[in-house]
Amino acid sequence: MDDLEKAILISFDESGTVDLSLKSQAVAFCQQIKESPSICSLCIERLCVSRYLPVQFWCLQCLHDDIRNRYSSMSLEEKAFVRSSVFSIACLEGLNGENSVRVLESPGFIKNKLAQVLVTLIYFEYPVVWSSIFVDFLPRLSKGVVVIDMFCRVLNALDDELISLDYPRSNEEVAVANRVKDAMRVQCVAQIVRAWYDIITMYRNSEPDLCASVLESMRRYITWIDIGLIVNDAFIPLLFELILVDGPDQLRAAAAACVLAVVLKRMDHQSKLSLLQSLQISRVFGLLAGDSDSELVTKLAVLLTGYANEVLECSKKLNAEDAIELLNEVLPSVFYVMQNCEVDITFNIVQLLSGYVSTMKSVSGLTEKQLLHVGQILEVIRVQICYDPVYRNNLDVLDKIGREEEDRMSDFRKDMFVLLRSVGRVAPDVTQVFIRNSIATAVASSADRNVEEVEAALSLLYALGEYISEEALNTGSGILKELVPTLLSTKFPSHSHRLVALVYLETITRYLKFVQENTQYIPMVLAAFLDERGIHHPNANVNRRASYLFMRAVKILKTKLVPFIETILQSLQDIVAQFTSVDYKTKELAGSEDGSYIFEAIGMLMGMEEVPLEKQSKYLSSLLIPLCQQVEALLVDGTAQNPEESPAKMVIIQQIIMAINALSKGFSERLVTSSRPEIGLMFKQTLDVLLRILVVFPKVEPLRCKVTSFMHRMVDTLGASVFPYLPKALEQLLAESEPKEMVAFLILMNQLICKFNGLVHDILVEVFPAIASRIFNILPGDKFFQGPDSNNEEIRELQELQKTMYTFLHVITTHDLSSVFLSPKSRVYLDPVMRLLLEASCGHKDILVRKACVQILTRLIKDWCTKSYGEERVPGFQNFMIDMFATRCCLYSVLDKSFEFHDANTLILFGEIVMAQKVMYEQFGDDFLINFVSKGFSTAHCPQDLAEQYCQKLQAGDVKALKSFYQSLIEKLRLQKNGSLVFR
């Protein structure tokens, strides 16, 4: 072993025992040798003598790289030497007296690399320089298995590296591939095909693996060689004989793959139909009954699917009876594959069946054969969407394996349900009868399949509801009038399983429109939701979902449920008691969402005007009084100890607030304030109790959040009658609020202003100074949203607060409440607010915020600067707008090149800026115009003629024309200054 071999072995070492510095030296040494001008001859010499696989691989890789990168600069002698040497090694011939057997006796990866080197030479030399490579190779195949195997590897490498369109190719590679194929077609393809036939015939019994390799090469080439070389009286019978006669699966599967390549060969449809007929494909149907996991069955499944698809295309194009016959012949086998074989071609078969079903849309009535096929397709869908029983327990407890399987099946079912929809549209009656029978069969199925069969049948019924028309759902047309009652009345033995229980409830919910029109089924619906099949199901995942679906059911059925309220409340008594009983704190806490959905459903039932007042009051007080007593008891305890000592209490209070909040959603403002104020009084008393939470636990953020949410609800429910509670509530919510809480508070204020407009003036006058003080204390004076650390949670909360504050100021001004800024207590904040608005209008990174600020200032001009006042209503405001806002925002900010006119939102902002100029001219007259032109335009070096045109456009009052001109003016000023003046 010389130094080079040692270096190669060290550089390839993956054991971890070699010193890293030694390995680096070895790699460097190998690289140095690789750059030697004589690297090709050195590598060929090593290949002939070295028995080390890493050395052989390294030499072949160097040859491959050197030919690719240096071919054009190699001498003719060097090219000839490399060509003859590599070919000799590949053909098992000696080189310079040395025996080259070692390379072809090496593992497959070495021989594949040798084939890659040969293909690189073909790329550059065939057919112009080296026209005889294939012709020279063919006689040497007589040397036996080793050379034949090498020849197959060369053909496969040629396909992979150059010919196959499965990989992206450059224009140059496509041109070379065409050159090679054209030359091979003329020169040697027929001889190669003959060699394939002879090899398979000779070695099929003694060397089946070799024959499988030959067939694999042949499969690749069928796509572009003359199909007549394969489709003839010699080769097709041989391929089918290989498939049909018992033998190694690999060989039979390879033959099936070749037949598939023949089937998929592109040609005109009439020729294709003749070809398909000639194959007599039915002779392989019986082989599908073998081992479903075998390679042969898998290949046959792919073959029959491809064949059926080609026949279908022919039938579409030719509308030929022959094609229909072939399709009818092959479809049963396709159905068999889908139902019995574990093959990964489901998507292809679904595409095929979808295509077949689509051909039925254009016919007036289905034939008996088509109806039979429709039934078989439905059975295929049913079988395919069944879960594997092996996952039954995983799916019930929904562990990691169960979740993965459910996600996989959910994704897989999408295509199946698309197919079901197509079938249901062309054969609705057949589909509905099939689903009815599937449910009946599933109920009677054995225990080892019951869960999966029932779940699949119910899933079919659920999917059916997706495409049934609204009218059909309402009237129960067709067999639906049987299906829905069957669904409601059937006791499924597997109902305890999570999957069955969930799909059962989802399916009932989907068909509630039918129940709405057929109210006799309401008791059955309620029973399904309220007993152990739904809200009282032992599985937490089921009873949670049941709570939500029950709430949806109440929304849909509404007044139809009034006669059943007593029954419903009685059934939910134990659920409600978890929130209302005094020993609730000792129980395990339920998921918050359960209570919310249940209470929302109860609220919708109670809140209907069809419920008599006496009963409404009785129902509501039976819930609100114990809930409030719970809160009061917890508040008394809370005064005696820190909230940190009892986190469970905090959770209990949160859940009670959420329950009351959800309950109140069912009561309209009109009902609680006008028609039944007694109900409104109950909610006011409840609000009074819940506001005390802020006094006892002023710093518990989750509780403040829930109370704020409840205030939103009470604003909608109680309307203006909530006003007496606002001062106390707003004061408590505002005290010591953090940025996140402050955002929620401002959103509440926005709701109040938008709902009540001027009615909140006095409240706003009182609370605005505290809001402004709190915001200016929280928000830093500098631009906190910039810099490398601007992406942490604290900064994001401050950014959100700032954005919400601008929205708050915008809501105030657009609801005629700008006088609030001028109240005695608020005057002290007027200047900082104005400067904040000015800075944001000029350069805030959020264009929408800038737009809002410009709109605010424009509205303030209209509110505060009307000429009817005689004297300035807000001293200094006009000068501020003319000197600061007009020049900085309306001119300098838009001159900055960061102001991008091609952005849609920026263009809207620009329109607001132009409108602001129009309003300033209308209110301030020449004071604005003279200052803006003389100071602003002169600073921007605006030519006199453009300034005069601006004045004319502004005075004309046409905003659209002014906007268009002003944009062109700004663009001209930018070009003129060429960015040398930075306007900030």
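- The name an unreviewed UniProt entry gives the chain is Exportin-T, with Dillenia turbinata as the organism.
- In UniProt, the chain has this text filed under Function (unreviewed entry): "tRNA nucleus export receptor which facilitates tRNA translocation across the nuclear pore complex."
- Quoted straight from UniProt, the Sequence similarities (unreviewed entry) entry for the chain says "Belongs to the exportin family."

### Focus: the overall build of the chain
Phase 1 of the analysis: Helix and strand counts for the chain stand at 48 helices and zero strands.
Phase 2 of the analysis: A compact globule built from 984 residues would reach a C-alpha radius of gyration of about 30 Å, whereas the chain, at 41 Å, exceeds it by more than 25%.
Phase 3 of the analysis: Taken along the three principal axes of its C-alpha coordinates, the chain extends 110 × 85 × 65 Å.
Phase 4 of the analysis: On the chain, roughly 43400 Å² of surface is accessible, and the fraction owed to carbon and sulfur atoms is 51%.

### A look at the environment of L530
Phase 1 of the analysis: Inspection of the secondary structure puts L530 in helix α28 (residues 522–530).
Phase 2 of the analysis: With residues near it in sequence (within four places) discarded, L530 still touches I535, H536, F550, I568, S571 and L572.

### Structural notes on the nonpolar core
Phase 1 of the analysis: Ranked by size, the top nonpolar core spans 355 residues in total, and within it F134, M184, Y950 and Y966 carry the most contacts.
Phase 2 of the analysis: For this core, the leading source of residues is helix α44 (residues 877–895), giving twelve residues.
Phase 3 of the analysis: Sequence-distant contacts of M184, that is, excluding residues within four places in its chain, are made with Y126, F134, L158, V189, I192, Y221 and W224.

### Quick look at the packing of aromatic side chains
Phase 1 of the analysis: Scanning the entire structure with this criterion turns up 31 aromatic pairs.
Phase 2 of the analysis: The ring of Y123 carries the charged tip of R68 above its face, separated from the ring centre by 5.7 Å.
Phase 3 of the analysis: Above the ring of Y71, the side-chain terminus of K79 is found at 4.2 Å from the ring centroid.

### Description of unusual backbone geometry
Phase 1 of the analysis: Residue P127 is bonded to the preceding Y126 through a cis peptide linkage, with omega at 0°.
Phase 2 of the analysis: Within the element layout of this structure, P127 appears in the loop between α7 (108–125) and α8 (133–140).
Phase 3 of the analysis: The phi angle at Q280 is positive, at roughly 50°, despite the residue not being glycine.
Phase 4 of the analysis: Within the secondary structure, Q280 sits in the loop between α15 (269–279) and α16 (295–318).
Phase 5 of the analysis: One non-glycine residue with positive phi stands out, namely L398, at about 55°.
Phase 6 of the analysis: Position of L398 among the secondary structure elements: in the loop between α20 (392–397) and α21 (400–426).
Phase 7 of the analysis: Judged by its relative accessible area of 14%, L398 falls in the buried class.

### Let's talk about the state of the cysteines
Phase 1 of the analysis: Tallied over the full model, the rule gives zero disulfides.
Phase 2 of the analysis: Counting only cysteine sulfurs, C211 is the nearest neighbor of C152, a cysteine outside any disulfide, at a range of 9.3 Å.

### Quick look at the UniProt feature "domain: Exportin-1/Importin-beta-like" (unreviewed entry) in the chain
Phase 1 of the analysis: As annotated by UniProt and renumbered to match this structure, "domain: Exportin-1/Importin-beta-like" (unreviewed entry) occupies residues 108–258.
Phase 2 of the analysis: Helix makes up 74% of residues 108–258 and strand 0%, with an end-to-end C-alpha separation of 23 Å.

### Some details on the pattern of salt bridges
Phase 1 of the analysis: The tally for this structure, following the rule as stated, stands at 45 salt bridges.
Phase 2 of the analysis: Among the charged side chains, a salt-bridge network with shared partners connects D159, D160, E216, R219 and R220.

### Describing helix α38 (residues 726–734)
Phase 1 of the analysis: Turning to α38, its buried residues are L726, A729, L730, L733 and L734. Down the axis, α38 shows its buried residues gathered within 120° of arc, on one side only.
Phase 2 of the analysis: Buried positions along α38 lie against α36 (677–696), α37 (701–718), α39 (739–756) and α40 (761–778).
Phase 3 of the analysis: Positive backbone phi, at 55°, marks E736, one or two positions downstream of α38.

### Here we look at the packing of α37 against α39
Phase 1 of the analysis: At a minimum axis separation of 10 Å, α37 and α39 run at an interaxial angle of 5°. One finds that α37 runs roughly parallel with respect to α39. For the pair α37 and α39, the contacting residues are E701, R704, T708, M711, H712, V715 and D716 in the first and K740, E741, A744, I747, L748, Q751, L752, K755 and F756 in the second.
Phase 2 of the analysis: Considered class by class, the residues forming the contact of α37 with α39 number seven nonpolar, three polar and six charged.

### Overview of helix α1 (residues 3–12)
Phase 1 of the analysis: Every buried residue of α1 is listed here: L4, E5, A7, I8 and S11. Burial along α1 is one-sided: seen end-on, the buried residues are contained in an arc of 160°.

### Focus: the environment of L907
Phase 1 of the analysis: Positionally, L907 belongs in helix α45 (residues 904–924).
Phase 2 of the analysis: In the structure, L907 is positioned 60 residues away from Q967 in sequence and 9.6 Å away in space, judged by C-alpha atoms.
Phase 3 of the analysis: Look past the residues within four positions of L907 in its chain and what remains in contact with it is F901, K963 and Q967.

### A few points about the confidence of the model for the chain
Phase 1 of the analysis: Mean pLDDT over the chain: 90, with 94% of residues reaching 70 or higher.
Phase 2 of the analysis: In the model, residues 978–984 has pLDDT below 50 throughout and makes twelve contacts with residues more than four positions away in sequence or in other chains.

### Looking at the packing of helix α26 (residues 498–510) against helix α29 (residues 540–557)
For any two helices packed against each other, the geometry comes down to the angle between their axes and how far apart the axes lie.
Phase 1 of the analysis: The interhelical angle for the contact between α26 and α29, taken along N-to-C directions, is 5°, at an axis separation of 10 Å. Considered as vectors, α26 and α29 are oriented roughly parallel to each other. Counted together, R498, A501, L502, L505, E506 and T509 of α26 and N541, V542, R545, A546, L549 and R552 of α29 form the full contact between these two elements.
Phase 2 of the analysis: Counted by class, the contact of α26 with α29 contains six nonpolar, two polar and four charged residues.

### Overview of a negative patch on the surface
Phase 1 of the analysis: Among the surface-exposed residues, E321, D322, E325 and E329 lie close enough to one another that they form a single negatively charged patch.
Phase 2 of the analysis: Along the chain, D322 turns up in helix α17 (residues 321–340).
Phase 3 of the analysis: Classification of D322 by relative accessible area gives partly exposed; the value is 37%.

### Quick notes on the side chain of R676
Phase 1 of the analysis: For R676, the position within the fold is in the loop between α35 (669–675) and α36.
Phase 2 of the analysis: One buried charged residue, R676, remains without a salt bridge, the closest side chain of opposite sign being E609 at 5.7 Å.
Phase 3 of the analysis: Side-chain polar atoms of R676 contact the side chain of Q616, separated by 2.6 Å.
Phase 4 of the analysis: Excluding residues that lie within four positions of it along the chain, R676 makes contacts with M608, E609, V611, P612, L613, Q616 and L671.

### Topic: the environment of N393
Phase 1 of the analysis: By the secondary structure assignment, N393 is in helix α20.
Phase 2 of the analysis: A sequence separation of 104 residues divides N393 from H497, and the C-alpha atoms of the two residues are 8.8 Å apart.

### With respect to the side chain of N394
Phase 1 of the analysis: With respect to the secondary-structure elements, N394 resides in helix α20.
Phase 2 of the analysis: When residues no more than four places from it in sequence are discounted, the contact partners of N394 are D399, I401 and G402.

Each value, and the rule that gives it
- Residues numbered from 1 in each chain as written.
- Predicted model: local features only at pLDDT ≥ 70, side-chain atom pairs only at ≥ 80, totals over all residues.
- Heavy atoms only, no water.
- UniProt positions renumbered as here; feature names shortened; annotations may be inferred.
- Helix = DSSP H or I, 4+ residues; strand = E, 2+ residues; numbered from the N terminus.
- Rg over C-alpha atoms; globule rule 2.2 N^0.38 Å.
- Areas by Shrake-Rupley, 256 points an atom, 1.4 Å probe, with all protein chains shown as cover.
- Contact = heavy atoms within 4.5 Å.
- Core = buried A, V, L, I, M, F, W, Y, C linked by side-chain atoms within 4.5 Å.
- Buried < 20%, exposed > 50% of the residue type's maximum accessible area, 1.4 Å probe, protein only.
- Phe/Tyr/Trp six-rings, centres within 6.5 Å; stacked < 30°, edge-to-face > 60°.
- Lys NZ or Arg CZ within 6 Å of the ring centre and 35° of its normal.
- Disulfide = S-S within 2.5 Å.
- Salt bridge = Lys/Arg side-chain N within 4 Å of Asp/Glu carboxyl O.
- Arc of directions from axis to C-beta.
- Axes fitted to C-alpha atoms, helices over the stretch in contact; angles between N-to-C directions.
- Parallel < 35°, antiparallel > 145°, perpendicular 65-115°, else oblique.
- Nonpolar A, V, L, I, M, F, W, Y, C, P; charged D, E, K, R; others polar.
- pLDDT = per-residue confidence, 0-100.
- Patch = residues over 30% accessible without salt bridge, like charges linked within 9 Å, V, L, I, M, F, W, Y side chains within 5 Å.
- Lys, Arg positive; Asp, Glu negative; His and termini not counted.
- Charge placed at Lys NZ, Arg CZ, Asp CG, Glu CD.
- Polar contact = N/O pair within 3.5 Å; in protein donor to acceptor, adjacent residues only side chain to side chain.

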